[in-house]
Amino acid sequence: MEFIKTNMKLDAKGLACPMPIVKTRKAMKDLDNGQVIEVQATDKGSKADIKAWAESTGNQYLGTIENGEVLLHYLRKSSDENTIEKRFENVISNDQLSQKLQNENIIVLDVREEAEYVFNHIPNAVSIPLGELENRMTELNKENEIYIVCRTGNRSDLAAQLLVSSGFTNVFNVIPGMTEWSGQTAIIKG
């Protein structure tokens, strides 16, 4: 039963981050201002990702409905034609982070989903998925340098913006993230 009127439906089922956002960004260009899109996704992390992306672009995140394994995300295109997606300015490369890991006062914050973290992460990285970050910020010390990683640099960009807007000042987005990380990694053994 369809009870939310939409102007477009986007099938992003079976796709992992960052593809639901990439496809949503492209589809939004075809919508007129004020129109609503339904994004169908199966990636559990897409709920936090799409909400954060919408907020960073000025588009309106209306909400998400869980329909079995499928998440139905609803977004309204911003009526401001000059909306530009904000990108976090403080970025460092994977190689720069690898060199900084010798410093005891830094925090590596991994904002990927728990399943991604378990199978491959930077040793001693703190795992707080992007969708939980807003409620778990108190676990982080604002005095430390915080280097945020995700799979490709998209979720970490959104996380960096969130931390800075909450008063954190020493925040860096690590690009390109774990997809090209060549440093030491760890896994969690059951």
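The coordinates are above.
Let us look at the structure shown here. This one's a predicted model, so the numbers in the text were calculated from it and none came from an experiment.

**Let's talk about the nonpolar core**
Membership of the largest hydrophobic core comes to 20 residues, with the highest contact counts inside it found for Leu109, Leu133, Leu140, Ile146, Ile148 and Leu163. Taken together, the elements giving at least two residues each to this core come down to helix H2 (46–57), strand E6 (106–110), helix H5 (130–136), strand E8 (145–149) and helix H6 (154–165). A per-element tally of this core places H6 first, with 4 residues. If sequence neighbours within four positions are ignored, Ile146 has contacts with Ile107, Leu109, Leu140, Asn141, Leu163, Phe168, Asn170, Val171 and Phe172. Ranked by size, the runner-up nonpolar core spans 13 residues in total, among them Met28, Ile50, Trp53 and Leu75.

**Observations regarding the side chain of Ser46**
Tracing the sequence through the fold places Ser46 in helix H2. A relative accessible area of 2% means that Ser46 is categorised as buried. Within the structure, the side chain of Ser46 is placed 2.6 Å from the backbone oxygen of Asp43, a separation counted as a polar contact.

**A closer look at the sheet that holds strand E7 (residues 126–127)**
Strand order in the open sheet formed by 5 strands is E5-E9-E8-E6-E7, with parallel pairing between adjacent strands. Two strands in the sheet have a free side with no partner beyond their single neighbour: strand E5 (91–93) and E7.

**A short note on the sheet that holds strand E1 (residues 8–12)**
Overall, mixed pairing links the 4 strands, which are arranged E1-E2-E4-E3 in an open sheet. At either margin of the open sheet sits one strand with a lone partner, and together these are E1 and strand E3 (60–67). Between one strand and the next, the sheet's axes are offset by a mean angle of 20 degrees, whatever the strand orientation. Here E3 pairs with strand E4 (residues 70–76) via 7 bridges, running antiparallel. Residue pairing across strands places Ile65 opposite Leu72, the latter belonging to E4.

**Observations regarding the pattern of salt bridges**
Under the criterion given, the structure shown has 7 salt bridges. A salt bridge links Asp11 to Lys13; its shortest N-O distance comes to 3.3 Å. The class for Lys13 is partly exposed, based on a relative accessible area of 37%. Among the ionic contacts, a cluster of salt bridges with common partners joins Glu132, Arg136 and Glu139.

**Focus: H2**
The terminal C-alpha atoms of H2 lie 16 Å apart, and with 12 residues this matches the ideal 16 Å at 1.5 Å per residue to within 8%. In terms of burial, H2 is largely enclosed, as 9 of its 12 residues are buried. Within H2, the full set of buried residues consists of Ser46, Ala48, Asp49, Ile50, Ala52, Trp53, Ala54, Ser56 and Thr57. Contacts from the buried residues of H2 go to helix H1 (19–28), strand E2 (36–41), E3, E4, H5 and H6. Following H2 by one or two positions, Gly58 adopts a phi angle in the positive range, close to 85 degrees.

**Brief notes about the environment of Thr152**
Note on placement: Thr152 falls in the loop between E8 and H6. Thr152 sits 40 residues away from Arg112 along the chain, and the two C-alpha atoms are 9.8 Å apart. Excluding its chain neighbours within four sequence positions, the residues that come into contact with Thr152 are Pro18, Pro176 and Thr179. Reaching out from Thr152, the side chain makes a polar contact with the side chain of Asn154 at a distance of 3.4 Å.

So, how was this worked out
- Residues numbered from 1 in each chain as written.
- Predicted model: local features only at pLDDT ≥ 70, side-chain atom pairs only at ≥ 80, totals over all residues.
- Heavy atoms only, no water.
- Core = buried A, V, L, I, M, F, W, Y, C linked by side-chain atoms within 4.5 Å.
- Buried < 20%, exposed > 50% of the residue type's maximum accessible area, 1.4 Å probe, protein only.
- Helix = DSSP H or I, 4+ residues; strand = E, 2+ residues; numbered from the N terminus.
- Contact = heavy atoms within 4.5 Å.
- Polar contact = N/O pair within 3.5 Å; in protein donor to acceptor, adjacent residues only side chain to side chain.
- Pairing = 2+ DSSP bridges.
- Axes fitted to C-alpha atoms, helices over the stretch in contact; angles between N-to-C directions.
- Salt bridge = Lys/Arg side-chain N within 4 Å of Asp/Glu carboxyl O.
- Expected span 1.5 Å × (residues − 1).

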